[in-house]
Amino acid sequence: SSSNFLEYRGCLFPAGHYEIDSLEYARNEFQVRKDDIFSITYPKSGTTWMQEILSLIRSDGDPNVSRTVPVWERIPWVEVTSLRKKAEAQPSTRFISSHLPVHLFPKSLFTSEAKVIYTVRDPRDILVSLHFFSRTAGFLDELDKIEDLLPKFLRGEVLFGSWFDHVRGWLGVRNQVNLLLLTYEELFQDLRGSVLRICNFLGKELNEAAVDSVVENATFEKMKDNTMCNYSTVSKKHFDVQKSPFLRKGISGDWKNHFTPAMSESFDAAYKEAMKDVNFKFIWD
Ligand code: PPS
């Protein structure tokens, strides 16, 4: 039900893991450092994938940390009540995740040189992923039909609000902050090339073997079996990966298996309207 959500400044958050206080703290008080590295995503866009990639890059390809520490502790979210202090207390260079839309993001970012990696995914695949995730996640409505989720998604009545607002917001500041724009689809098509782009953006030089190891350990197959990033260790009450695995299918274009022609039509119309002033062409446009 909608009571599972907490509303803060026009954006919906899964209640329980988020509190007004932590959201206000993140926005107003969290001090961004110039050497911070943020991975920002709308949910279901490749958050965990990017966390794993960054974590492996940070350890020069050594998979040991990835195999022993949960991914959400390695690269914690700044806005999650229980993880905020972990995000903050890291020694520099801090690696921090966030799902926040730009208007709720720590304000001090906009006067800093911190690096931001913003990963975007085809919203149709996000919708499908979110649908299955609603079976996994105890805090979401279990909707039987993807058809029922589509209008809610298009209206932004889903966790972290409207995809359109999120993407328009972050694209809107991409020249004001030190931002690397990546897509899930690029990671999917060319993981190695994407890892090299990320290293280049971060100013991190890895040797050939280290790059190989990052790529090898960040594949869908490897991550799916890694209990430190497949969410199988979280209590069933929050995440029941028996109902639907967190790393579910891991492809681009799965929407084609789930969208009816009517759904495609209503999606396309909404997308065209919402994105008409966005001066950027995505791989799926
Ligand atoms: S969350 O809840 O916002 O943190 O979810 P998020 O991690 O952003 O998205 C989950 C989807 O990302 C897929 N995923 C991957 N795909 C390909 N390769 C790798 N390594 C990978 N890791 C995660 C995951 O399978 C979810 O997508 P779907 O389409 O449901 O499979």
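Small disclaimer: the values here were computed from a predicted structure and weren't measured.

Now for the overall build of the protein chain. For the protein chain, the helix and strand inventory stands at 13 helices and six strands. Over its C-alpha atoms the protein chain spans a radius of gyration of 18 Å, differing by no more than 12% from the 19 Å that the globule rule assigns to 285 residues. With respect to the three principal axes, the spread of C-alpha positions in the protein chain is 50 × 40 × 40 Å. Residues counted as buried form 57% of the 285 residues belonging to the protein chain. Summed over its atoms, the accessible surface of the protein chain is roughly 12800 Å², and 48% of this surface lies on carbon and sulfur atoms. Across the protein chain, 36 positive and 39 negative side-chain charges occur, with their mean positions spaced 1 Å apart.

As a further point, take the confidence of the model for the protein chain. Here the protein chain averages 95 in pLDDT, and 99% of its residues register 70 or above. At the level of chain-chain contacts, confidence expressed as ipTM amounts to 0.99, with global pTM at 0.97.

Attention shifts here to the packing of aromatic side chains. The relative placement of two aromatic rings is captured by the distance of their centres and the angle of their planes. Across all of its chains, the model carries 22 aromatic pairs by this definition. Over the face of the ring belonging to F133 we find K44, whose NZ or CZ atom lies 3.4 Å from the ring centre. Positioned above the aromatic ring of Y25 is the side chain of R84, whose terminal nitrogen or guanidinium carbon lies 4.1 Å from the ring centre.

It is at 11 Å that the axes of helix 2 (residues 47-58) and helix 10 (residues 191-202) come closest, and there the two elements cross at 60°. Looking at the two axes, helix 2 sits oblique to helix 10. In the packing of helix 2 onto helix 10, the handedness of the crossing is right-handed. Along its contact with helix 2, which presents W49, M50, I53, L54 and I57, the element helix 10 presents L191, V195, I198, C199 and L202.

Right, let's talk about the packing of helix 10 against helix 11 (residues 208-217) for a bit. Two quantities define a packed helix pair, namely the angle between the helix axes and the distance between the axes. Following both chains from N to C, one finds helix 10 and helix 11 inclined at 120°, their axes separated by 10 Å at the closest point. When the axis of helix 10 is compared with that of helix 11, the two are oblique. Note that helix 10 runs across helix 11; the crossing there is right-handed. Contacts from L191, R192, V195 and L196 in helix 10 reach E208, V211, D212, V214 and V215 in helix 11. The residue inventory of the contact of helix 10 with helix 11, partitioned by class, reads six nonpolar, no polar and three charged.

Conventions used here
- Throughout this description, residue numbers start from 1 for each chain and increase along the sequence as written.
- Where totals are concerned, whole chains, interfaces and linings use all residues; where local detail is concerned, this predicted model gives features only for residues with pLDDT of at least 70, and gives and counts side-chain atom pairs only at 80 or more.
- The basis for every side-chain value is the complete set of non-hydrogen atoms in the structure, without hydrogens or water.
- Note on conventions: DSSP H or I runs of at least 4 residues are helices, E runs of at least 2 residues are strands, and numbering of each starts at the N terminus.
- Here the globule rule reads 2.2 Å times residues to the power 0.38, and the radius of gyration is calculated from C-alpha atoms.
- In this scheme, a residue with accessible area under 20% of its type's maximum is buried, one over 50% is exposed, and one in between is partly exposed, where area comes from a 1.4 Å probe on protein chains only.
- Computed with a 1.4 Å probe, the accessible areas rest on the Shrake-Rupley method; for each residue, only the protein chains presented here act as cover.
- Counted charges follow a simple rule, with Lys and Arg positive, Asp and Glu negative, and His plus the chain ends left uncounted.
- Lys charges are placed at NZ, Arg charges at CZ, Asp charges at CG and Glu charges at CD.
- For every residue, the predictor states its confidence as a pLDDT score lying anywhere from 0 to 100.
- Two aromatic rings from Phe, Tyr or Trp, using only the six-membered ring of Trp, form a pair when their centres are within 6.5 Å; if the ring planes differ by under 30 degrees the pair is stacked, by over 60 it is edge-to-face, and anything between is tilted.
- Counting as a charge over the ring demands two things of the Lys NZ or Arg CZ atom: a distance within 6 Å of the ring centre and an angle within 35 degrees of the ring normal.
- Here the axes come from fitting lines to C-alpha atoms, over the contacting stretch only for helices, and the angles between their N-to-C directions go from 0 to 180 degrees.
- In these notes the angle categories are as follows: under 35 degrees is roughly parallel, over 145 is roughly antiparallel, 65 to 115 is roughly perpendicular, and the rest is oblique.
- Here is the rule for handedness: rotate from the far helix to the near one, and if that takes an anticlockwise turn smaller than a right angle the crossing is left-handed, while a clockwise turn gives right-handed.
- Contact between two residues is taken to exist if any of their heavy atoms lie within 4.5 Å; hydrogens are not considered.
- For this classification, the nonpolar set comprises Ala, Val, Leu, Ile, Met, Phe, Trp, Tyr, Cys and Pro, the charged set comprises Asp, Glu, Lys and Arg, and every other residue, Gly included, is treated as polar.

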